[in-house]
Amino acid sequence: MENTYILTLSCPDRPGIVHAVSGLLLVRGCNIEEAQQFNDHATGLFFMRVQFVCQDAAALVDGTDLAGALADLAGRFDMQHALHAAGEPMRTVIFVSREGHCLNDLLFRCKSGLLNLDVRAIISNHRDFYQLAASYNIPFHHLPLTRDTKAKVEARQMEIVEAEGAELVVLARYMQILSNDMCQKLAGRAVNIHHSFLPSFKGAKPYYQAHDRGVKLIGATAHYVTADLDEGPIIEQAVARVDHTHEVEDLTAVGRDTESQVLARAVKWVSERRVLLNGHKTVVFQ
């Protein structure tokens, strides 16, 4: 994907935005390969993702570079925008506790070339997966956490995240509640996964609760992390049908498969710059 770039933007909706963006790219010899847009009539906001190719790097310069031209355009349209090289892996740090299905799935997908991630570190409050991390040659940080050490541990976690230049933090079944301060520091770049039952069951042993109530649907939700526990902007969801023949172990297995698939899709879309925040919701250009 050499010389391929991804431009994402959001701004108040008005005529001429698409024309301005495509015209800017045209005069610099860029060829648009993919373009998606969404007009949110409820908020009056416009969202767009454009993937384009510049065959000649010199074509990005025409009196001003592309970044400068985009900055001028952003000023005209009150626009938030970001420009990234499409082939550059997203630097990522993964948090995990003692359930490794999501971690294992993500690492395998990265190794297989299915996720464009550069996993820089794995952080855990347990030692269970240090050998798994070593098998992928990824640094493993064991940071035990208690109520008394929470602030100190979170400070160390943030040191690792920042030192690795992580654009993305994935909570791959990390069974600790992040503090409000840490949620703010990771705003817009931390993705969590959790089960989704109908009805919902919170607390310990949710699959036992679900089995006791005879649920017929279980699922998973991937969302951005906010200070409101499990209520951040949703990126992806899925459900699987179960019935009275499923034991607790069966429900757990179905749930873990669903969680792994949902998180992988969410992480893939984030890494491909397909997810834009829209207040307490997301726009996902699949």
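Whatever comes next refers back to the structure up there.
A short tour of the structure in this document, coming up. It should be emphasised that the depicted structure is a prediction, and the values quoted were computed from it without experimental measurement.

### As for the sheet that holds strand E2 (residues 30-40)
Here comes step 1: The sheet built from 4 strands is open, its strands ordered E2-E3-E1-E4 with antiparallel pairing. Looking at which strands have only one partner, the edges of the open sheet turn out to be E2 and strand E4 (80-85). Put simply, the sheet's adjacent strands are angled 10° from each other on average, direction ignored.
Here comes step 2: Taken together, the 10 bridges between E2 and strand E3 (residues 45-54) define a ladder with antiparallel strand orientation. Each bridged residue has a counterpart across the sheet, and for Asp40 the counterpart in E3 is Leu45.
Here comes step 3: Contacts between helix H1 (residues 17-27) and the sheet are confined to strand E1 (4-12), E2 and E3, with E3 contributing the most and set at about 15° to the helix.
Here comes step 4: Each of E1, E3 and E4 is contacted by helix H2 (residues 66-77), which is oriented at about 160° to E4, the strand it contacts most.

### Some remarks on the packing of aromatic side chains
Here comes step 1: Inspection of every chain in the model, using the stated rule, returns 5 aromatic pairs.
Here comes step 2: The positively charged end of Arg127 is found above the aromatic ring belonging to Tyr130, 4.7 Å away from the centroid.

### Examining the state of the cysteines
Here comes step 1: Taken as a whole and judged by the stated rule, the model has 1 disulfide.
Here comes step 2: The disulfide partner of Cys30 is Cys54, and the gap between their sulfur atoms is 2.2 Å. Here Cys54 lies in strand E3 and Cys30 lies in strand E2, a separation of 24 residues in the sequence.
Here comes step 3: Distance from the sulfur of Cys110, which forms no disulfide, to the nearest cysteine sulfur (Cys102) is 13 Å.

### Quick word on the sheet that holds strand E7 (residues 140-142)
Backbone hydrogen bonds are what pair the strands of a sheet, in a parallel or an antiparallel way.
Here comes step 1: Spatially, E7-E6-E5-E8-E9-E10-E11 is the arrangement adopted by the 7 strands of the open sheet, whose pairing is mixed. Edge positions in the sheet fall to E7 and strand E11 (234-241), since each of these pairs with one other strand and no more. In this sheet, neighbouring strand axes are inclined to one another by 20° on average, regardless of whether the strands run parallel or antiparallel.
Here comes step 2: Of the pairings in the sheet, the one linking strand E10 (residues 217-224) to E11 comprises 7 bridges and is antiparallel in character. What sits directly across from Leu217, in E11, is Arg241.

Thresholds applied
Residues numbered from 1 in each chain as written. Predicted model: local features only at pLDDT ≥ 70, side-chain atom pairs only at ≥ 80, totals over all residues. Heavy atoms only, no water. Pairing = 2+ DSSP bridges. Helix = DSSP H or I, 4+ residues; strand = E, 2+ residues; numbered from the N terminus. Axes fitted to C-alpha atoms, helices over the stretch in contact; angles between N-to-C directions. Contact = heavy atoms within 4.5 Å. Phe/Tyr/Trp six-rings, centres within 6.5 Å; stacked < 30°, edge-to-face > 60°. Lys NZ or Arg CZ within 6 Å of the ring centre and 35° of its normal. Disulfide = S-S within 2.5 Å.

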